[in-house]
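Overview (structure and organization)
What follows is each chain in one-letter form.
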Amino acid sequence: MGHRDVTGEDVIRATVGPTRAARGAQVAVTVDGVERVAWLGEPLIEVINRAQVPLAQVCYHEQLGPIQSCDTCAVEIDGVVGRACGTPVRAGLTVRTQTNAARAAQRDAYDRVVANHDLYCTVCDNNNGNCTVHNTLGVLGIDHQTRPFQPKGFPKDESNPFYRYDPDQCILCGRCVEACQNVQVNETLSINWEAEQPRVLWDGGKPIGESSCVSCGHCITVCPCNALQEKSMLGEAGLFTGIPLPVWNAAIDVVKGVEASSGLKPIMNVSEIESAARDRYIKKTKTVCTYCGVGCSFDVWTDERHILKVEPAHGHANGISTCVKGKFGWDYVNSTDRLTSPLIRDGDRFREASWDEALDLIAWRFGEIREQHGPDALAFVASSKASNEEAFLVQKFARQVIGTNNVDNCSRYCQSPASKGLSLTVGIGGDSGTIQDIENASLVITVGSNTAESHPVLATRIKRSQKLGRTHVIVFDIREHELARRADEFHRPNPGTDFVWLAAVSKFILDNGLEDRDFLRERVSGLDEFRESIRDFTLEYAERETGLKAATLVALARQIASQERVCILWAMGVTQQCGGTDTSAAISNLLLITGNYGRLGTGAYPLRGHNNVQGASDMGAQPDAVSGYQKIDDPLAVQRHEREWGVTLRPERGLDNTQMIDAALDGRLKALWLTGEEMSLTDANANHLQEGFEALEFLVVQDLYFTNTARFADVILPAAASLEKEGTFTNTERRIQRLYEVMPPLKGTKPDWQIYMGVADRMGYRWGYTHPAQIMDEIARLTPHFAGVSYDRLEGYETLCWPVAEDGTDQPLLYTERFNFPDGKARLHAGEYRPRQHAPDATFDLHLNSGRMLEHFHEGNMTFRVPGITEKTPDSFVEVSPELAAERGIQSGQWVRLVSEYGAVRLQALVTGRVSGHQLFVPMNARKAEDAVNRLTGSHGDATVNTPAYKDTRVRLELLHDVGPNPLPASNPRWGHPTPQAGVEVERKWARPDYVFPGGLLPLHGDSLNARTDGLGADD
Ligand code: SF4
Ligand code: SF4
Ligand code: SF4
Ligand code: FES
């Protein structure tokens, strides 16, 4: 439903896809003689579609809104022919879709469409039942083309590794341009409407492979024909499409010849039979992306193990959106170096073993070590890439089978401080709303988050809202990344000082009476202690400590206090510091004093990194809590688990990830079972970590590949990939989504849940699950937050945002009535500023920052196995500011050595204004383990939750003599030059001297939805 915003406009919460333009009150309109309910201002075509009246609509896409380029949706509106998509609903409209004039206009419009498109459907890879251009022919019942197909005279562009553009097939509908300009907001695409022969352009006319295109795939997804096509589809989808080119061309000639003699119908019938035959071998399976925490879901089209394409449409988090990893980053699944057999250490080598032998050995060694040293000599790390059910079983194994709380997951490395900060203030350690709340905020602030690269699809919604003038965006970061460049305001505080400006802004708000007093009085406690705790955070002090001007902070305070809906997003720039928990709580405090919780478009959003890092913690893969954050000493939780598992939970907190390594080094920890984590490269102080692994008596590593971590293992187990199993993931919104088996597990591998069962079984615990749904049922029984979660309620694209009540009611937006504390009130947290411990000094004079890149995920184990990605982004590098480059005589491509207290790496320099002064940035993905950035980071961390302070690192830079090519090749989109424009700019098409509205009539209605039509309104 609509929600009135500060500008008086209504905003719509779309169920799926990007939020759309305003609509108003309910009104009545008449469509083909039947009165229909409509919303004032919505596109008329929506009313017609809801009424299921068949109407051609080639350029209209409900997630893009009206483009008005094809004219096929012509209908009579109050007696005048106009575009149904471009006409906003008014009360009392009378619409007729099938008058002679309307029909003539529709057919004329379609005839112009196919003059731009060669109809060779039977031999087309896009002939899969969902081709809009093909299907429209049927809707209109057209049998003959009056305007012959005219080739445009441009060659195909095949310069992108993932997709190609065929200008001859392009009908110039502009869907791709709208998607690129206003949904993805990469602003690469345009159409040169004024040219004699218009076409789609990349960066105004560059080859795709040399443009700013980030290969997100939005354009291909929405293309209504085969003009834009995934290369993985070409020659693979159809029965006849893989034939050699000369034969294929001859086949097209035959098809065209039949058309000339007997009309379109016979060949369309044949193509439909051929299309239907494809259903026998093309499988379409819904899954959820295995990369980041945005949680995009989509159908994967496969022919056996060949991935034909990824088709997003219905995902609640993403709609039509993906980034390059979700759309194209799947080659790793069929990588030839997948592990396909368990491996057992044999001295310095590994030998292949049967599953029985490997699982027997694990069960025997675990039993032996527990016998000799007690249960706490063993520890378990769940994977944030595996499913909820699998994370649940890891902690069940630890607590039930072994009897220890030594269990954790990789949220320790990034998210624990944010979860803690929110638990302290509002009671639930997760995002307080959904992505649709973020895109409906009037002010979005990001702190220490490279959102456009780390959470790309979520960032598109911010970029879109900002571009459409709905949202003001302020970025706080030390690095000028994409969102920083686009932001309305970009502020660069000194590293590690976010707590200070947050406290100073809160103090200014309270000192000047700008707070939301009603909200504070009714819903928040702890104001006096909080006020006292920030007493010393004056503007003057904040200016000195953060480097931000006092005037900037004052303006910010006034802005936050006056905006109707504020969301604050943060990520590892905040959490991977010494005071990540306190800074996270400080963000929440600021939202609380300004009343920004519990309403549409408000709240706190710690952006989760891995696809299921939220879920791994939710499932109790933590040393102090079982599933649903129930403390291990909570009497009710103990009782439930006793009943379900037949064991008593131990009340002592177990070891977290970082403590496990220390315990291994001092001999307390003997065995570790690690699933799906490249811990040896992603934990801080990698050299120290490897010593820890070496000190263990028995290490089990479960993964897709022989990873760097696997080198230290005693047993390596080959796991199935996410496409090869069923389960659920929980994204950053707390949204639980099902994934289905796209293809069977690669021969020799097993899904993680079956592996845990195999060992539990051998240790006397017959769990007996035959499907992950049964594990979810157990989770629901044990976990109040998941009480109403079941696979039936998550069927297909259905989702639930926890907490979920027994009756299935979920809570996408938290805290609408109460915060998660016994008295229902939020608690302001009196935190402490913890300055960085490793500020640059005389020996290590540079600050080192690290983080993700758009193309690669985390350490890169999956994305380095995607050739298209490595072609554009082959390796890591170190970003050096122009100032530092000038000072030290560094050029891009030069090899340098970075040295810290903990280790050294050798990287190529990339001189860029993204970093400033004496700050460096190194991506966390590294092709060579010896150059991983975590060779440089230290072991110190957050005082509350032990998250390593990765971002508090100092290094020195040594110049080496070698100079190579720029580490970012010329084909990388960062070198491109986007061409921002308002969208398709269809008015420029209409302004062409040769353009006439089909049927010779003008498209009327001066109040067109996007003011793209002018002239007389129908009522004039
Ligand atoms: S960035 Fe590239 S792939 Fe994405 S919509 Fe634009 S042109 Fe298409
Ligand atoms: S390439 Fe773009 S303009 Fe051409 S048909 Fe596809 S979506 Fe339409
Ligand atoms: S990596 Fe993240 S943003 Fe990209 S498709 Fe996957 S879930 Fe979506
Ligand atoms: S659907 Fe293309 S103009 Fe309306």
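Note that the structure is a prediction, hence the values are computed from the model and not measured. (Residues numbered from 1 in each chain as written. Chains lettered and ligands numbered in written order. Predicted model: local features only at pLDDT ≥ 70, side-chain atom pairs only at ≥ 80, totals over all residues. Heavy atoms only, no water.)

1. Structural notes on the overall build of the protein chain
The helix and strand inventory of the protein chain stands at 32 helices and 39 strands. Here the C-alpha radius of gyration of the protein chain, 29 Å, is about what a compact globule of 1020 residues would show, namely 31 Å. Its C-alpha atoms give the protein chain principal-axis dimensions of roughly 85 × 70 × 65 Å. Residues counted as buried form 66% of the 1020 residues belonging to the protein chain. A sequence separation of at least 24 residues applies to 74% of the contacts in the protein chain between residues at least 6 apart. As displayed, the protein chain offers around 34100 Å² of accessible surface, 50% of which is attributable to carbon and sulfur atoms. Between the mean site of the 104 positive side-chain charges and the mean site of the 133 negative ones, the protein chain shows a separation of 1 Å. (Helix = DSSP H or I, 4+ residues; strand = E, 2+ residues; numbered from the N terminus. Rg over C-alpha atoms; globule rule 2.2 N^0.38 Å. Buried < 20%, exposed > 50% of the residue type's maximum accessible area, 1.4 Å probe, protein only. Contact = heavy atoms within 4.5 Å. Areas by Shrake-Rupley, 256 points an atom, 1.4 Å probe, with all protein chains shown as cover. Lys, Arg positive; Asp, Glu negative; His and termini not counted. Charge placed at Lys NZ, Arg CZ, Asp CG, Glu CD.)

2. Regarding the sheet that holds strand β19 (residues 443-447)
The five strands lie next to each other as β21-β20-β19-β23-β24, forming an open sheet whose pairing is parallel. Of all strands in the sheet, those bounded by a partner on one side alone are β21 (489-491) and β24 (603-606). On average, each strand axis in the sheet is inclined to that of its neighbour by 15°, with strand direction left out of account. As judged from the five bridges shared by β19 and strand β23 (residues 566-570), these two strands associate in the parallel manner. Note that in β23 the partner of T446 across the bridge is L569. (Pairing = 2+ DSSP bridges. Axes fitted to C-alpha atoms, helices over the stretch in contact; angles between N-to-C directions.)

3. Re the site of ligand 2
Taken together, 14 residues lie around ligand 2, and C170, C173, G174, C176 and C223 are the ones closest in. Class assignment for the residues of the shell around ligand 2 results in twelve nonpolar, one polar and one charged. (Near = heavy atom within 4 Å. Nonpolar A, V, L, I, M, F, W, Y, C, P; charged D, E, K, R; others polar.)

4. Remarks on the pattern of salt bridges
In the structure shown here, the tally under the stated rule is 56 salt bridges. Taking the shortest distance from any N to any O, the salt bridge between R974 and E453 comes out at 2.7 Å. Within this pair, whereas R974 is found in the loop between β39 (953-963) and α32 (987-990), its partner E453 is found in helix α13 (residues 451-454), the two being separated by 521 residues in sequence. You can call R974 partly exposed: its relative accessible area is 24%. Classification of E453 by relative accessible area gives buried; the value is 9%. The partner of D518 in a salt bridge is R521, and the shortest N-O contact between them spans 2.7 Å. On the criterion of helical spacing, the pair formed by D518 and R521 is a turn pair, its members being three residues apart in helix α17 (residues 517-523). Classification of D518 as partly exposed rests on a relative accessible area of 44%. Accessibility expressed as a relative area gives 53% for R521, which makes it exposed. Counted as one network, the salt bridges with shared partners bring together E187, K463, K467, E482 and R486. (Salt bridge = Lys/Arg side-chain N within 4 Å of Asp/Glu carboxyl O.)

5. Considering the packing of aromatic side chains
Tallied over the entire structure, the rule returns 30 aromatic pairs. Grouped by ring-pair contacts, the aromatic residues F366, F380, F397, W673, F698, Y756, W767 and Y769 constitute a single cluster. The ring of F154 has R199 sitting right over it, with the charged end atom 5.3 Å from the ring centre. The positively charged end of K750 is found above the aromatic ring belonging to W355, 5.2 Å away from the centroid. (Phe/Tyr/Trp six-rings, centres within 6.5 Å; stacked < 30°, edge-to-face > 60°. Lys NZ or Arg CZ within 6 Å of the ring centre and 35° of its normal.)

6. Thoughts on the site of ligand 1
Near ligand 1 you find Y163, C180, N186, L189, W202, C213, V214, S215, C216, G217, H218 and C219, and these make up its full shell. Here the residues of the shell around ligand 1 sort into eight nonpolar, four polar and no charged.

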